[in-house]
Amino acid sequence: MREKTMRVLLVGSGGREHALAATLARSPHLTALFIAPGNPGTAKHGVNVAIGAEKVPALITFAKEQAIDLIVPGPEAPLVAGLADACAKAEIACAGPTRAAARLEGSKSFTKEICYAAGIPTAQGERFTSVDAALTYIQERGAPIVVKADGLAAGKGVVVAQTLAEAEDAVRDMMTQGSMGDAGRSVVIEDCLVGEEVSLFAFCSGETATLIGSAQDHKRIGDGDTGPNTGGMGAVSPPRGFDRAAQEQALDLMVRPMLKEMVRRGTPFRGVIFAGLMLTDAGPQLIEYNVRFGDPEAQALLLRLTSDLLPALKALADGQLDATPITFSDQASISVVMAAQGYPGKALTGAVISGIADANALKDVTVFQAGTAKNAAGELVVAGGRVLSVCAVGNTVQEARDKAYAGVKAISWDGAQWRTDIGARAL
């Protein structure tokens, strides 16, 4: 690829997209970078465009007008809505799967179906559209047990119920009260897996998968993995006890059989696969597939990237996985999410944020913005649940943690909350 030949449209507005924008902006192949809709942080690396991530026709129109060479989808929703299909029709390269292949994330029950067909180890579970049938199943299986909204719920549609009453409440909350909207009108109920949870990332095309790397997310809101699930409160990369050999074995066990089954069904997968795994005493088990980079895992993972991401994503979109290897440093990285008061429920917005520049000035610390906006006075304010990802790299996990939390301490706003134990399990 010749230098300075690529015009790129990055879709999304979160911390993952800020990290992707910063990474893409370093590429010598980049001519122009647009982010739709972006956030105040992404605006430092490209041009924000006021088009929502799920507005597929508007995204395609903009891409045509701007002669975009590559569309990079950040979140899952536009993929489930058919962004890659629309790109193919418009003859624009897209580093993401078709709507049919994106069902791997868009439907928990579809993932179960694929796992059973391909012989992929996963928890026993079933899909329910009837509240009474779901409650009966819970009584039969016992607790602890996991209740999942079948559709997309921004990482919040999972309840790991320790008691039967908690599981029953989760079913009624999703299916009767509509707490997860349409995503929870049907649910998947499955056995509770016990072990260390890790995230595995790979570039995939057809039946071929190339390892990217791994990280460990921290899903629950509170220290010690307490409280409700969130979209992720922080991540560490690489996780303890999951070295490259174990990651390659997991690809053979969890990803390549899935790819073969998707090809067999006529819906081949091309894009980034994120396999959420539980490392149990009986071996790794699949929790879920996501069809894009994770958030906040991407923030931690991309800080360790030593190769150029842009040509790798273009090669992925063209189905040429082996053309551009992905390489990472041996350093450790940590991402600590600072969230708004009330999250993961209704977040309180509008508070003025201070200290980001001070945090960014610290050695090896990078702050990625997510739920932020500018108010009428031009001040940076809280505009969503997960507000910032404060990230750092170090020669050890402990060093990276110390640096990241020094960054957190430099930042403030009324009602800010964060976990104090991100990465502790990796020590």
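These lines cover the structure that appears in this document, whether it is placed above or below. Just so you know, these numbers come straight off a predicted model, no measurement behind them.

### Examining the nonpolar core
One finds Leu-70, Phe-203 and Leu-313 to be the most contacted residues of the largest nonpolar core, which totals 35 residues. For this core, the elements supplying multiple residues, two or more each, are strand S1 (6-12), helix H1 (15-25), strand S2 (30-37), strand S4 (70-73), strand S10 (196-205), strand S15 (270-280), helix H10 (297-303) and helix H11 (309-317). The element contributing the most residues to this core is H11, with six residues. Look past the residues within four positions of Leu-70 in its chain and what remains in contact with it is Met-6, Arg-7, Val-8, Leu-9, Ala-93, Cys-94, Ala-95, Leu-310, Leu-313, Lys-314 and Ala-317. One finds Leu-104, Leu-211, Val-255 and Tyr-289 within the second-largest nonpolar core, a separate group that totals 29 residues.

### Some thoughts on unusual backbone geometry
Following Ala-143, the chain continues into Pro-144 via a peptide bond in cis, with omega recorded as 0 degrees. With respect to the helices and strands, Pro-144 occurs in the loop between helix H7 (131-141) and strand S7 (145-149). In this chain, Ser-237 is followed by Pro-238 through a cis amide linkage whose omega measures -5 degrees. With respect to the element layout, Pro-238 can be found in the loop between strand S14 (234-237) and helix H9 (244-264). Positioned with a positive phi, Glu-91 is a non-glycine residue whose angle comes to about 60 degrees. For Glu-91, the position within the fold is in the loop between helix H4 (83-90) and strand S5 (93-94). You can call Glu-91 exposed: its relative accessible area is 75%. We note that Asp-225 has phi near 55 degrees; this positive angle belongs to a residue other than glycine. Looking at the secondary structure, you find Asp-225 in the loop between strand S12 (220-222) and strand S13 (226-229).

### Brief notes about the layout of surface pockets
What the second largest pocket holds in volume is close to 300 Å³. Lining the second largest pocket are 15 residues, and of these Lys-156, Val-158, Val-159, Pro-228 and Asn-229 sit closest to its centre. Those elements giving two or more residues to the lining of the second largest pocket turn out to be strand S8 (158-161), helix H8 (164-175) and S13. Counting residues per element, the lining of the second largest pocket draws most heavily on H8, at four residues.

### Looking at the pairing of S10
For S10, the tally of buried residues reaches eight of ten residues, placing the bulk of the element in the interior. The sheet contact formed by S10 and S15 spans ten bridges and is antiparallel. If you follow Ser-199 over to S15, its bridge partner there is Gly-276. Here S10 pairs with strand S11 (residues 208-217) via seven bridges, running antiparallel. Within S11, the residue paired with Ser-205 across the bridge is Thr-208.

So, how was this worked out
Within any chain, residue numbers begin from 1 and follow the written order of that chain's sequence. The predicted nature of this model means local features are confined to residues of pLDDT at least 70 and side-chain atom pairs, given and counted, to a pLDDT of 80 or more, with totals for whole chains, interfaces and linings taken over all residues. Processing note: side-chain calculations cover all non-hydrogen atoms of the structure and skip hydrogens and water entirely. Residues belong to a common nonpolar core when they are buried Ala, Val, Leu, Ile, Met, Phe, Trp, Tyr or Cys residues joined through side-chain atoms within 4.5 Å. Buried residues are those whose accessible area, probed at 1.4 Å on protein chains only, stays under 20% of the maximum for their type, while exposed residues exceed 50% and partly exposed ones sit between those limits. Numbering goes from the N terminus for both helices and strands, where a helix is a DSSP run of H or I of at least four residues and a strand is a run of E of at least two. Residue contacts follow a heavy-atom distance rule, with two residues in contact if any of their heavy atoms lie within 4.5 Å. Only protein atoms enter the 1 Å grid used here, on which a cavity is any set of points holding a 1.4 Å probe that cannot leave and a pocket is any open set flanked by protein within 12 Å on both sides along at least five of seven lines; residues with an atom within 4 Å of a point are listed as lining. Grid points are joined across faces, edges and corners, and a volume is the space filled by probe spheres set on the points. Two strands qualify as a pair provided DSSP detects at least 2 bridges between them.

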